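# Tertiary structure, described
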Amino acid sequence: MSHQTVIVLDFGGQYNQLIARRVRECGVYCEVKPYTTPLEQLKAMEPIGFIFTGGPNSVYDEKAPHVDPAIFELGVPVLGICYGCQLMAHTLGGQVTAAQEDTAREYGKTETYYDTTCKLFKGLPQQGISWMSHGDYMAKVPEGFALTAHTDACPNVAIADEKRGFYGVQYHPEVNHTQHGVDMIRNFLYEVCGATGDWTMGDYKNTAIRDIREKVGDGKVLLALSGGVDSSVAAALLAEAVGKQLTCVFVDHGLMRKNEGDEVEAAFARWDINFVRVDAEARFLLKLAGEAEPERKRKIIGEEFIRVFEEEAKKIGRVDYLVQGTIYPDVIESGAGDAAVIKSHHNVGGLPDYVDFKEIIEPLRLLFKDEVRQLGRELGLPKYLVMRQPFPGPGLAIRVIGDLTKEKLDTLRDADAIYREEIAAAGEDKNINQYFAVLTNTRSVGVMGDGRTYDYTLALRAVTTSDFMTADWARIPYDVLDRISTRIVNEVKGINRIVYDITSKPPATIEWE
Ligand code: XMP
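Cut-off values and rules
- Residues numbered from 1 in each chain as written.
- Predicted model: local features only at pLDDT ≥ 70, side-chain atom pairs only at ≥ 80, totals over all residues.
- Heavy atoms only, no water.
- UniProt positions renumbered as here; feature names shortened; annotations may be inferred.
- Pairing = 2+ DSSP bridges.
- Helix = DSSP H or I, 4+ residues; strand = E, 2+ residues; numbered from the N terminus.
- Axes fitted to C-alpha atoms, helices over the stretch in contact; angles between N-to-C directions.
- Contact = heavy atoms within 4.5 Å.
- Salt bridge = Lys/Arg side-chain N within 4 Å of Asp/Glu carboxyl O.
- Buried < 20%, exposed > 50% of the residue type's maximum accessible area, 1.4 Å probe, protein only.
- Polar contact = N/O pair within 3.5 Å; in protein donor to acceptor, adjacent residues only side chain to side chain.
- Core = buried A, V, L, I, M, F, W, Y, C linked by side-chain atoms within 4.5 Å.
- Expected span 1.5 Å × (residues − 1).

Within an unreviewed UniProt entry, the label attached to the protein reads GMP synthase [glutamine-hydrolyzing], and the organism entered is Candidatus Flavonifractor intestinigallinarum. We quote the UniProt Pathway (unreviewed entry) comment for the protein here in full: "Purine metabolism; GMP biosynthesis; GMP from XMP (L-Gln route): step 1/1." A UniProt comment under Catalytic activity (unreviewed entry) is attached to the protein, and it reads "XMP + L-glutamine + ATP + H2O = GMP + L-glutamate + AMP + diphosphate + 2 H(+)".

### Focus: the sheet that holds strand β11 (residues 166-169)
Reading across the sheet, the 9 strands line up as β2-β1-β3-β4-β11-β10-β9-β6-β7 and stay open at both edges, with mixed pairing between neighbours. Two strands close off the open sheet at either side, each with one partner strand: β2 (29-34) and β7 (127-134). Taking the axes of each pair of neighbouring strands and ignoring which way they run, one obtains an average angle of 25 degrees across the sheet. Relative to β11, strand β4 (residues 78-81) is paired through 4 bridges, and the arrangement is parallel. The partner of Val78 across the bridge, within β11, is Phe166. Strands in contact with helix α3 (residues 83-91) are β3 (47-52), β4, β7, β10 (158-161) and β11; relative to β4, the strand with the most contacts, it is inclined by about 120 degrees.

### Let's talk about the pattern of salt bridges
Inspection of the entire model under this criterion finds 43 salt bridges. The salt bridge partner of Arg475 is Asp472, with a shortest N-O separation of 3.3 Å. What makes Asp472 partly exposed here is its relative accessible area of 33%. Linked through salt bridges whose partners overlap, the residues forming this network are Glu421, Glu422, Arg483, Arg487 and Glu491.

### Concerning the UniProt feature "active site" (unreviewed entry) in the protein
Mapped onto this numbering, the UniProt entry gives "active site" (unreviewed entry) at Cys82, His172 and Glu174. Judged by maximum C-alpha separation, these annotated positions cover 93 residues in sequence but sit close together in space, the widest gap being only 11.1 Å. As for its position among the elements, Cys82 is in the loop between β4 and α3. Within the secondary structure, His172 sits in the loop between β11 and α4 (181-192).

### Observations regarding the sheet that holds strand β15 (residues 321-323)
Here we have 5 strands laid out as an open sheet, ordered β14-β13-β12-β15-β16, and parallel in their pairing. Sheet topology places β14 (274-279) and β16 (359-361) at the edges, where each strand pairs with a single neighbour. Across this sheet, the average inter-strand angle for adjacent strands is 25 degrees, counted without regard to direction. Summarising the sheet, strand β13 (residues 246-252) and β14 pair through 6 bridges and their orientation is parallel. Bridge pairing in β14 links Val251 to Val278. Along the sheet, helix α7 (residues 260-267) makes contact with β12 (221-225), β13 and β14, crossing β14 at roughly 170 degrees.

### Observations concerning the environment of Glu359
The residue Glu359 is located in strand β16 in this model. A relative accessible area of 33% places Glu359 in the partly exposed class. Dropping the residues within four chain positions of it, Glu359 is found in contact with Lys215, Asp320, Tyr321 and Leu322. Engagement of the side chain of Glu359 in a polar contact is seen with the side chain of Lys215, the distance being 2.6 Å.

### Thoughts on the nonpolar core
In terms of nonpolar packing, the biggest core is built from 47 residues, with Tyr419, Leu458, Leu460, Ile476, Ile488 and Ile495 touching the most fellow members. Among the nonpolar cores identified, the runner-up in size contains 41 residues, and Leu237, Val242, Ile273 and Tyr321 belong to it.

### Quick word on helix α6 (residues 229-242)
In this model α6 runs 20 Å from its N-terminal to its C-terminal C-alpha over 14 residues, within 8% of the 20 Å that 1.5 Å per residue would give. Extensive coverage of α6 is indicated by the burial of 13 of its 14 residues.

### Section: α4
Helix length check: α4 (12 residues) gives 16 Å between terminal C-alpha atoms against 16 Å at 1.5 Å per residue, within 8%. Looking at the buried positions of α4, the neighbouring elements they touch are β1 (5-10), α1 (16-25), β3, β4, β6 (106-114) and β11. A positive backbone phi angle near 75 degrees is found at Gly194, which sits one or two residues after α4.

So, in C-alpha cells, the structure goes:
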C-alpha cells in the first residue's frame, strides 16, 4: 500500500498540523517531519512535494533553522510558507531583511493581488484577502523567480520559479482567513506536484489499525468511554484493531441526555469486545445530593468518575495500554500556558494517575474534529454518535442550576429532547454549533387551564461558534422558538415558563455553570 507522499517540513510554526490537515483534505497523503530530518531519510520517502512551514525565527538569526541546500536539487517541487518562503529565498541566493516599521511588515487580513497565470493561483480570483503574519521582507528574490502576488504595502508577497516548481508565499494559505487558501494548496499539489488524489480516510483507518496492532501485540487495552465523539471513535478504532483485547468501561453517571446511555451501548454492539457499562447513577446522585455550587459539583463528578473507573480497572487486572481520545486541538490547548481557570473542565477519559499501565495510546492525536467524525463514519459508527454536538463531562449536572435531584434531571432530559427534536426538524441544527436546555432554579407563577401553577423556568441556549472560545447566540426563528416553547410547557410536567438566552461569550460562557 503505497501512496503519493507530501512532506511538510516543520520549522516550528503554529499551523504545521493545519497544513498537514489541508493536504489530507485535498486527498493526498502527507507526513510532518522536523526540519532536522536528514535529507537521505526524506529522499527515501520519495515525496512528490515539500511544503516548508512557517516558524518563529528570522532567517538571519544565528540559531535560525536551515535546510540542506541539496533539497533544492532533488527535482521535487517546494512550497514555502512564510518562514519557509523566506528560507527558500535566502538559501537560493535572495535577500531577506527585517521590514521597516509600517512598510512591508504585515499582520492580519490583507487585501492581496494575484497573478493568475501562475500555477499556484490558476483558476482563482485575481484579488482576495490573505492572512499575513511576518515581520521580514524579501528585499531581493533569487534568480529565476518571478513575483506573483503583491499587496498595497509589499511588492513581493508570492514568488515562483515555475521551471523548477518552487513557490513561496508570505501569507498563510492554510488558515481560513485566507480566501481560496486551500485552493492554492490544492493547485500546488495537483498542478505542480502531479498529485492524483490517491489518499482517503479509509486509508487512514487501515494504516491506524495496522499501527495499533503492531504496537499492542497481544497486550491488554483499556479505554474509558464517555459517549462523546472522540472517545467513541477511539474505541471503535481499537475495537476494529484488537477486538477482545480491548475493554471499554462506560461509566453511566446518570447525567446523560435522554436515551444516550442506551445509544452508546447499542453503537458498540457490533464489535466483539469487553464492553462494561457501569450503572453508577445512584452513586453519583448520592455524592451530589444537596450540592449547589458549580465548581464543587464538577469536582465531585470528576472524583467519583475516577473512583468508579478505578474499581472497574482493578477487576480487569493487568492492563498494558490505556487509550485516550485526545485530538489535535486538545494538544494545542493543553500547551497554551497558564490562562485563568474559568471552569475546571473535566474530560471523562484521561486517568493515567489512577490506573497501572505501561503506556498511553492516543490514536486521534493528529486529527481535527471533523476528521475524527469522518473516521468514525468510516468505522461504521452511527451518524447520531459521530455528529453529536459537544457535551460536557459533568453532563446535565451543570445544566440543572443549583442542587440536583433525579426528578429535576428527568424533567430537563424530557425538555431538552423536545428542544433538540424541534431544532433538527426545522433544519436549524446545521446553523447552530451547540444547543441545549438548562433547568433554572427559578420558579414563577403561571396559569394552566383554570389553575395556578408555580413551576420551574427552562432556559434555551443555542450558540454559533467555530472554536467554542468565543460564541454568539444563535438567531433561531421566532416560529421555531414558539413551537419549542408550546411543546415543552404542554408536554413536560414541572415547567411553566421558557426563556431564550441572548448573551454571547464573552461575557457569558456557553454553559450556565
Ligand atoms: P463554556 O461553558 O466554558 O464551554 O463556554 C465551552 C465548551 O466546553 C464545553 N464544556 C465542557 N467540556 N468538560 C468538557 O469536556 C467540561 O467540564 C466542560 N464544561 C464545558 C461546553 O459544553 C462548550 O462546548
